[in-house]
Amino acid sequence: MIIQSVREILTTQGRLSTPLSELREDSDLYHAGLTSLATVGLMLALEEEFDIEFPDSMLSRKTFGSIESIVDAIEALQD
Amino acid sequence: MQDHESLSSTSFIALISEVRRVGREIIEPNASDVDEKSRFPSESIDALRKLKLLSAYVPEKQGGMGLGIVQVAKICEVLGRYCGSTAMIYAMHKIQVACLVQHGGQSSYISSYLDKLVSEQRLIASATTEIGIGGDLRSSICAVERDGSSFNLIKKAPVISYGVDADDLMITARRDSDAAKSDQVHVLLHKDQYSLEPISDWDALGFRGTCSAGFIVTAQGEDEQMLPAPFADILSQSMHPFAHITWSALWLGIAADAVNMARKFVKNEAKRNLEMPPISAIRLGEVESVLQTMRSNTAVAAADYQNMLAQNDAEAFTNFGFGIRINNLKVTSSQLIVDIVGKSMLICGISSYRNDSKFSLCRHLRDAYGAALMVNNDRILLHNSTLLLMHKGDG
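The shown structure was predicted, so the numbers you read here are calculated from the model rather than taken from an experiment.

Undergrad: What exactly am I supposed to notice about the overall build of chain B here?
TA: Secondary structure assignment for chain B yields 11 helices and seven strands. Relative to a compact globule of 395 residues, whose C-alpha radius of gyration would be 21 Å, chain B shows 21 Å and is just as compact. Seen along its three principal axes, the alpha-carbon backbone of chain B occupies a region of about 80 × 50 × 45 Å. Expressed as a percentage of its 395 residues, the buried residues of chain B come to 58%. If you take every contact in chain B between residues at least 6 apart in sequence, the share linking residues at least 24 apart comes to 78%. Counting every atom, chain B has about 16200 Å² of accessible surface; 53% of that belongs to carbon and sulfur. Charge centroids of chain B, computed over 39 positive and 45 negative side chains, lie 7 Å from each other.

Undergrad: Any chance you could explain a negative patch on the surface here in plain terms?
TA: On the surface, a cluster of negative charge is made up of Glu25(A), Glu68(A), Asp72(A), Glu75(A) and Asp79(A). Tracing the sequence through the fold places Asp79(A) in the segment after helix H3 (67-78).

Undergrad: Explanation requested: the side chain of Ser85(B) in the structure shown.
TA: All names here are of chain B. Inspection of the secondary structure assignment puts Ser85 in helix H4 (residues 84-103). Polar side-chain contacts of Ser85 include one of 2.9 Å to the backbone nitrogen of Gly209. Not counting the four nearest positions on each side in its chain, Ser85 is found in contact with Val34, Phe207, Arg208, Gly209 and Thr210.

Undergrad: Would you take a moment to explain the pairing of strand E5 (residues 184-190) of chain B for this structure?
TA: If a strand is regular, its side chains alternate between the two faces of the sheet. Residue and element names in this part refer to chain B. With respect to burial, E5 is a largely interior element, seven of its seven residues being buried. Side chains of E5 alternate between two faces, with Gln184, His186, Leu188 and His190 and Val185, Val187 and Leu189 buried alike. Judged from the seven bridges that link them, strand E4 (residues 168-174) and E5 form a sheet pairing that is antiparallel. Across the sheet, residue Asp168 finds its bridge partner in E5, namely His190.

Undergrad: I tried to follow the interface of chain B and chain A on my own but got confused; where do I start?
TA: Often, the extent of an interface is quoted as the loss of accessible area on bringing the components together. Contacts between the two partners involve 22 residues from chain B, matched on the other side by 22 residues from chain A. Both sides of the chain B and chain A interface together cover about 1800 Å² of buried area, and 59% of this is carbon and sulfur. The salt bridge partner of Lys392(B) is Asp56(A), with a shortest N-O separation of 3.9 Å. Run the count over chain B and chain A and you get eight residue pairs in polar contact (both at pLDDT 80 or more). For the side of chain B that touches chain A, the elements supplying multiple residues, two or more each, are helix H6 (231-272) and helix H11 (377-387) of chain B. No other element matches H11(B), which puts three residues into the side of chain B that touches chain A. When grouped by side-chain class, the residues that make up the side of chain B that touches chain A number seven nonpolar, eight polar and seven charged.

Undergrad: Is there a simple way to think about the packing of aromatic side chains in this case?
TA: Two aromatic rings are characterised by how far apart their centres lie and by the angle between their planes. Residue and element names in this part refer to chain B. Tallying each qualifying case throughout the model produces eight aromatic pairs over all chains. Consider the rings of Phe242 and Tyr305, whose centres lie 6.4 Å apart with planes at 80°: the pair is edge-to-face. Of the two residues, Phe242 is situated in helix H6 and Tyr305 in helix H7 (residues 281-311); the sequence distance between them amounts to 63 residues. For the ring pair Phe265 and Phe359, a centre distance of 5.1 Å and an interplane angle of 85° mean the geometry is edge-to-face.

Procedures and definitions
- Every chain's residues receive numbers from 1 upward, in the order its sequence appears when written.
- As they are written, the chains are lettered A onward and the ligands numbered 1 onward, keeping that order.
- Whole-chain, interface and lining totals are the exception, using all residues; otherwise, since this is a predicted model, local features are given only for residues with pLDDT of at least 70 and side-chain atom pairs are given and counted only at 80 or more.
- The side-chain values count all of the structure's non-hydrogen atoms but skip hydrogen atoms and water molecules.
- Secondary structure is summarised from DSSP: a helix means a run of H or I of at least four residues, a strand means a run of E of at least two, and numbering begins at the N terminus for each.
- For this measure, only C-alpha atoms enter the radius of gyration; the expected value for a globule follows 2.2 Å times N^0.38, where N is the number of residues.
- Burial status follows relative accessibility: with a 1.4 Å probe on protein chains alone, a residue under 20% of its type maximum counts as buried, one over 50% as exposed, and anything between as partly exposed.
- Residue contacts are counted whenever heavy atoms from the two residues lie within 4.5 Å of one another.
- We get accessible surface area from the Shrake-Rupley algorithm with a probe of 1.4 Å; when it comes to residues, only the shown protein chains can shield them.
- Counting rule for charge: Lys and Arg are taken as positive, Asp and Glu as negative, and neither His nor the chain ends is counted.
- For the purpose of locating charges, the reference atoms are NZ of Lys, CZ of Arg, CG of Asp and CD of Glu.
- Exposure above 30% relative accessible area and the lack of any salt bridge qualify a residue for a patch; like charges then connect within 9 Å, and the nonpolar side chains Val, Leu, Ile, Met, Phe, Trp and Tyr within 5 Å.
- What counts as a salt bridge is simple: a side-chain nitrogen of Lys or Arg found within 4 Å of a carboxyl oxygen of Asp or Glu.
- Each polar contact in these results corresponds to two N or O atoms within 3.5 Å; when the atoms are within protein, one needs to be able to donate a hydrogen and the other to accept it, and residues that are neighboring in sequence are counted only if both atoms are side-chain atoms.
- Note on pairing: two strands pair once DSSP finds at least 2 bridges between them.
- Two parts placed together each lose some accessible area under a 1.4 Å probe, and the buried area is that loss summed for both.
- Classes in brief: Ala, Val, Leu, Ile, Met, Phe, Trp, Tyr, Cys and Pro nonpolar; Asp, Glu, Lys and Arg charged; the others, Gly included, polar.
- Here a pair means two rings of Phe, Tyr or Trp (six-membered ring of Trp) with centres within 6.5 Å. Their orientation is stacked below 30 degrees between planes, edge-to-face above 60, and tilted elsewhere.

Printed below as a string of structure tokens:
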């Protein structure tokens, strides 16, 4: 399940101030404390886990703004 | 976001010649005193008020000049030629104006404030850094403590440039007492809504007229005084690019003035002995080429940013590539200013090292060394090097 792995990676890499259990799939991760530097750790872990590579065009706040958008991005890259 | 219509090029050229006149007649004659006494350049800022330059970035339909970033950067550059502190204060004020213009759009409160800014030429200071967060603008400890539609706010700010002399203050804080440290709002406060308790003075090597002392800010306000957009967006779309472009532009002005001093020196020497050009003449050619690099870097970034604003694509600003390029501009310009002033000093020789010589470059050099430290280059490079783990730069 992509979403479960994303949640696990967010727990270890996101350095969020809101507990992950309180976040919905569309909750704003930046409001939950995600920083741009933590985003890099998150991306590296996602690339490793899913064997994908994020192109420069996807390196923006929009891609990593919510669990939902991260899952969408991974699915798009796996196609 | 606001798309700017630029002033016609003829009237902008006329405006720049007015800025140069004020620079020669008011700003430059006061620059040494401002520097020596580490005092606010009140004559210079008043002169800019008379030219209505404090609202230059406010759109024409709201009574401002409607200048774009390219033109504002040009004004900063020209001011930098006469007094680094005045130019820095003007740039810092303009950064705050850009945040209001570009992110206050739907707020009737901000819109009526912009009317006041135009008619009263109010000067805005900024309190973003906070004691205890180590210079990271994207974190706040202090929070807006809500009470109905009002709020209280106390912030320990290690630096508020020209805090005492500003008319208003823009300040960052957590959205409310439960918010994450990165969940910040940007708040506009009027002078009668806050008090400043001094915690440190400003007796620095350069940019002495910016009076960048530290204060504890105690404020009350209304909810409508918070900009509607999250501070994260305001920072990436406006404050970050606007700051590094206007700072680079004013550093360029300081550097260009140093090169001009070197040119005058060489010319002076050449006149005395036409047969034998001064040994330092070749260095003038060398330093001019470095200056051109600095000028080109700044111009490219300003034009790039102006284009992005015109395209009205808020998402584009959060792309890593844009942030990296803006950071590169700051790091490079802050190094080139030291290089250029240093090379100009080699040309002018010991007279540039003297405080009492007409070829003195002492203030230029002291100001130049501040550039790498205001938002420390190492912090920026560390940030970029992390982003570069992901960003490939292949467009």
